[in-house]
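So you can see what is in the structure, the chains are spelled out below.
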Amino acid sequence: MKQVIVKTLALGTLLTFGFSNAQNKPKVILDNFFNNEKKENKETKVLESWHYTWNDTTNGGFSLLGEIFQKQGAEIGTLKTAPSKKDLKNANIYIIVDADIDKEAYGGKANLVDAKSIKNLENWVKNGGVLVLMSNDNGNSEFEHFNHLAEKFGINFNDDSYNRVQKREFEQGKVMVPAGNEIFSEQKLYMKEVSSINVKSPAKAILTAEGKNIGAIAKFGKGTVFALGDPWCYNEYIDGKKLPADFTNYRGTEEWVKWLLKQVSKK
């Protein structure tokens, strides 16, 4: 664990992940290997990870998502290597978002989901881990190798794109959640440019857009897998600044986080 699960600066709080002071808190680990984008900080000129990371406070960051996890009593961390068995022992929830294609990856070469990582994650979920897989749409995410992992749980992300939004026509990105959904209360969510999902046992669909499945969950051994064709809960769409008030992405994110943590408690 020495340099694998790293210290993360999130919302001004330095969190460490030796876990000696937080043994009873669920550990939420965010991948920063398969999604490995970097850019230069304009002020410090230091090269930093960004785009769906805990410390990214820009529109494309997960800083607000990290705050929601913390408010619910979880510890957040980042994994900068492929997940080993040892790494996963220190995680209750492990999140992979928007697996890189070469044009996005630092150095121009994506770290593809490999057979060893798949085996480690499959066994970890079987033993009670909660795995979150969030893709992106056509041209913005790697599908072939990511699907090698997802298919272990009856899930396949399609290399396509739905809910395409023109400029500020936000209604084109609506996802209506009906009453009785397993995760969300009845509400209107916003998800733009989403890949559709094919499901087979043990997976089942839980969200649709344009008549296509875009979200799924699977029970696998003692564990749980959540899959969505979009990294939907980044800062831009949960900070309350951009979307019309009838979209409830922040509330939806809170409900989703609570559901994920509940799956941990069921282990």
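Note: the structure precedes this text.
This part takes up unusual backbone geometry. Here the bond from Ser 201 into Pro 202 is cis, since omega is 15 degrees, no more than 30 degrees from zero. A positive phi angle, close to 50 degrees, is found at Glu 193, a residue other than glycine. Structurally, Glu 193 can be placed in the loop between strand S12 (187-190) and strand S13 (197-199). Residue Glu 210 is not a glycine yet carries a positive backbone phi of 50 degrees.

Before going further, it helps to spend a moment on the environment of Ser 135. Structurally, Ser 135 is set in the loop between strand S9 (130-134) and helix H4 (144-150). In the structure, Ser 135 is positioned 22 residues away from Phe 157 in sequence and 7.4 Å away in space, judged by C-alpha atoms. Discounting residues that sit within four places of it in the chain, Ser 135 has contacts with Asp 98, Ser 141, Phe 143, Phe 146, Phe 157, Ser 195, Leu 228, Gly 229, Asp 230 and Pro 231.

With that out of the way, let us pick up the pairing of strand S11 (residues 174-177). Within a regular strand, side chains alternate between the sheet's two faces. On S11, burial follows the alternation: Val 175 and Val 177 on one face are buried, whereas Lys 174 and Met 176 on the facing-out side are not. By the bridge criterion, 4 bridges tie S11 to S12 in an arrangement that is antiparallel. Bridge assignment links Met 176 to a residue of S12, and that residue is Lys 188.

Thresholds, definitions, all that
Residues numbered from 1 in each chain as written. Predicted model: local features only at pLDDT ≥ 70, side-chain atom pairs only at ≥ 80, totals over all residues. Heavy atoms only, no water. Helix = DSSP H or I, 4+ residues; strand = E, 2+ residues; numbered from the N terminus. Contact = heavy atoms within 4.5 Å. Buried < 20%, exposed > 50% of the residue type's maximum accessible area, 1.4 Å probe, protein only. Pairing = 2+ DSSP bridges.

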